[in-house]
Amino acid sequence: MKNIELLAPAGDMESLRAAILYGANAVYIGGEGFGLRANAGFTHENLIQAVEHAHNHDKKIYLTCNIVANNSDVERFPQFIREAAETGIDAVIVSDLGFLDLVKTHAPDIDVHISTQAGVMNHASANMLYKLGAKRVILAREVSLCEIKRIRENTPPELEIETFVHGAMCMAFSGRCLISSYLTARDANRGQCSQPCRWSYHLMEETRPGEFFPVFENTDGSGSHIFNSKDLCMLEHIGDLIESGVTSLKIEGRAKTAYYTAVITNAYRAAINAYNKEEAAPKWALREVNCVSHRPYCTGFYLDEDTLQSYENSGYIRDCDFVGTVDGYCADENLLEITQRNHFTMNDYIEVVSPGISPVQIAIREMYNSSGERVSVANRATEKLLIKCETAFEGSVKGSMLRRVNKSSDVFTKSQERASEDS
């Protein structure tokens, strides 16, 4: 059995708890500065809480400090990293060599991981960073499986190797992009990306102002999303990644919801566990990646991919909606206690997503609001509800997620097939 780390993202405490509950070995988060998700940072107080929660569950916390740093950043960073070290974080992720040196100087007991932003694509770079004190390198997203194997074969076994396994990709090299800065004055390299790569573009010739030409084979005049990357999904190739020699498999998504974190972490945990048992990933786990909002999937640069771009549009495929969390279950009365988060009705197709098992469909027989009134529609966010259902749950389901499945979607069809298989 290989000791492979599953590393999940968290932009807040709800996502962090979900990541740990659904099988992550470690969680990476941002602080109040220096990370590449400016709107997904933890305050110092929340960082203390996050580390405490993770360590209570024997999990690790990695702090992202991977901006492209300027002089003022370098001057402010020593105090920041000293205070962060006091919270008990297990590692800090940096892309700047100056930051690497500052961590070693001001927080020498913390492991340093080199961010994918550093663009490590060869064993010479990996070895140099190891000599400078790096515990781990997060390889550039442009590295193939074959190249990962060569890096592993030519680096010390003590040097950990991390790669992205799932999530949004950037059209620029390992995320170093200037389009957002040019068009919106928001610097992607400082955590403020406005994602203009997802916009639609036309071509205009300078002597014909106002006359737009399609950039791609597009007949409706809507332009082309020439910079719009597909999402990465390597769930069906977990074995190939592990055999290439990686130490950690990383899920992208610190700006995503707790539901996203739970579902994707759950799927990859199931696939890793199956690999360790020399079994194929369970079918339900393979379906789960389609149950979150996502763009068309690809395998990135790992395998021979025809195209990594989605030219038609930048919209998300959204076949399921998160509608609530489970607070408890009364077995005597088959009552689920939930906190409602989004609108749903008794007639909707509702599934309960719990750690480590196939999602379970529930048929709602009765539903009561916080005032004890019988209702057929849940439409008040954060209200506590009681749901009487026909399904009996074994053990604790606290923290499970409820989702509504779109009945016109492929996910619904596959859910029906799964229900038939289970019966």
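Refer to the preceding data block for the structure.
Residues numbered from 1 in each chain as written. Predicted model: local features only at pLDDT ≥ 70, side-chain atom pairs only at ≥ 80, totals over all residues. Heavy atoms only, no water.

1. Details of the pairing of strand 13 (residues 320-330)
The following threshold applies: Any residue under 20% of the maximum accessible area for its type is buried, any over 50% is exposed, and the rest in between are partly exposed; the area is computed with a 1.4 Å probe on protein chains only. Strands are runs of DSSP state E lasting at least 2 residues, helices are runs of H or I lasting at least 4, and numbering of each runs from the N terminus. Only when DSSP finds a minimum of two bridges between them are two strands counted as paired.
Summarising burial for strand 13: eight of the 11 residues are buried, a large majority. The pairing of strand 13 with strand 21 (residues 401-405) spans five bridges and is antiparallel. When the bridges of strand 21 are listed, Phe322 appears paired with Arg403. Relative to strand 14 (residues 335-340), strand 13 runs antiparallel, the two being bridged by six bridges. For Gly328, the partnering residue across the bridge sits in strand 14 and is Glu337. The hairpin turn running from strand 13 into strand 14, its antiparallel successor, is four residues long, and Asn334 in that turn takes a positive phi close to 55 degrees.

2. Section: the pattern of salt bridges
This is how the line gets drawn: We define a salt bridge as a side-chain nitrogen of Lys or Arg found within 4 Å of a carboxyl oxygen belonging to Asp or Glu.
Tallying each qualifying case throughout the model produces 14 salt bridges. The residue Arg76 makes a salt bridge to Asp73 at a minimum N-O spacing of 2.8 Å. Highlighted residues: Arg76 and Asp73, both in helix 3 (residues 71-86), separated by three residues, approximately one helical turn. With a relative accessible area of 46%, Arg76 lands in the partly exposed category. Of the residues examined, Asp73 reaches a relative accessible area of 0% and is grouped as buried. The salt bridge partner of Asp321 is Arg318, with a shortest N-O separation of 2.8 Å. Judged by its relative accessible area of 54%, Arg318 is exposed. Three or more residues are tied together by salt bridges with common partners; here these are Glu5, Arg136, Glu160, Glu162 and Lys250.

3. A closer look at the packing of aromatic side chains
The criterion, for reference: Only Phe, Tyr and Trp rings are paired, with Trp represented by its six-membered ring, and only when their centres lie within 6.5 Å; those with planes under 30 degrees apart are stacked, over 60 edge-to-face, the remainder tilted.
With the rule as written, the count across this model stands at seven aromatic pairs. On the basis of an interplanar angle of 65 degrees and a centroid distance of 5.8 Å, the ring pair of Phe34 and Phe99 is categorised as edge-to-face. Remark: Phe99 occurs in helix 4 (residues 97-106) and Phe34 occurs in the loop between strand 2 (26-30) and helix 2 (44-56); sequence separation between them is 65 residues. Each member of the pair, Phe34 together with Phe99, is buried. Note on Phe77 and Phe99: the rings are 3.9 Å apart at their centroids and 10 degrees apart in plane angle, and the pair reads as stacked. Taken as a pair, Phe77 in helix 3 and Phe99 in helix 4 lie far apart in primary sequence, 22 residues in all. Across the pair, exposure class does not vary: Phe77 and Phe99 are buried alike.

4. Brief notes about the environment of Ala267
Put simply, the test is: Contacts were defined at the residue level, with two residues in contact if any of their heavy atoms lie within 4.5 Å.
Looking at where Ala267 falls in the secondary structure, it is placed in helix 9 (residues 258-276). Judged by its relative accessible area of 0%, Ala267 falls in the buried class. For Ala267, the residues in contact, after removing those within four places along its chain, are Leu235, Ala285 and Glu288.

5. As for the sheet that holds strand 18 (residues 364-368)
Put simply, the rule is: Convention adopted: a line fitted to C-alpha atoms gives each axis, helices being fitted over their contacting stretch, and angles between N-to-C directions are expressed from 0 to 180 degrees.
Spatial ordering of the open sheet is given by 17-16-21-13-14-20-18, a layout of seven strands whose pairing is antiparallel. Looking along the sheet, the strands with just one partner apiece sit at the ends: strand 17 (360-362) and strand 18. On average, each strand axis in the sheet is inclined to that of its neighbour by 35 degrees, with strand direction left out of account. In the packing of helix 9 onto the sheet, the strands contacted are strand 13, strand 16 (349-353) and strand 21, and the crossing angle to strand 21 comes to about 95 degrees.

6. Digging into a nonpolar patch on the surface
Condition: Exposure above 30% relative accessible area and the absence of a salt bridge qualify a residue for a patch, where like charges join within 9 Å and nonpolar side chains (Val, Leu, Ile, Met, Phe, Trp, Tyr) within 5 Å. We get accessible surface area from the Shrake-Rupley algorithm with a probe of 1.4 Å; when it comes to residues, only the shown protein chains can shield them.
Among the surface-exposed residues, Leu97, Met128 and Leu132 lie close enough to one another that they form a single nonpolar patch of about 270 Å² accessible area. With respect to the element layout, Leu132 can be found in the loop between helix 5 (123-131) and strand 6 (136-138). Residue Leu132 is classed as partly exposed on the basis of its relative accessible area, which comes to 45%.

7. Quick word on the nonpolar core
Our working rule: Among buried residues, the Ala, Val, Leu, Ile, Met, Phe, Trp, Tyr and Cys ones that are joined through side-chain atoms within 4.5 Å form a nonpolar core.
Grouped together as the largest cluster of nonpolar side chains are 96 residues, with contacts concentrated most on Leu16, Ile29 and Tyr268. Per element, the largest residue contribution to this core is 12 residues, and it comes from helix 9. Those residues in contact with Leu16 that sit more than four places away from it in its chain are Ala10, Val27, Ile29, Phe42, Ala50, His53 and Ile61. Core analysis: the next-biggest nonpolar cluster, separate from the first, contains 19 residues, Val323, Val352, Met367 and Phe393 among them.

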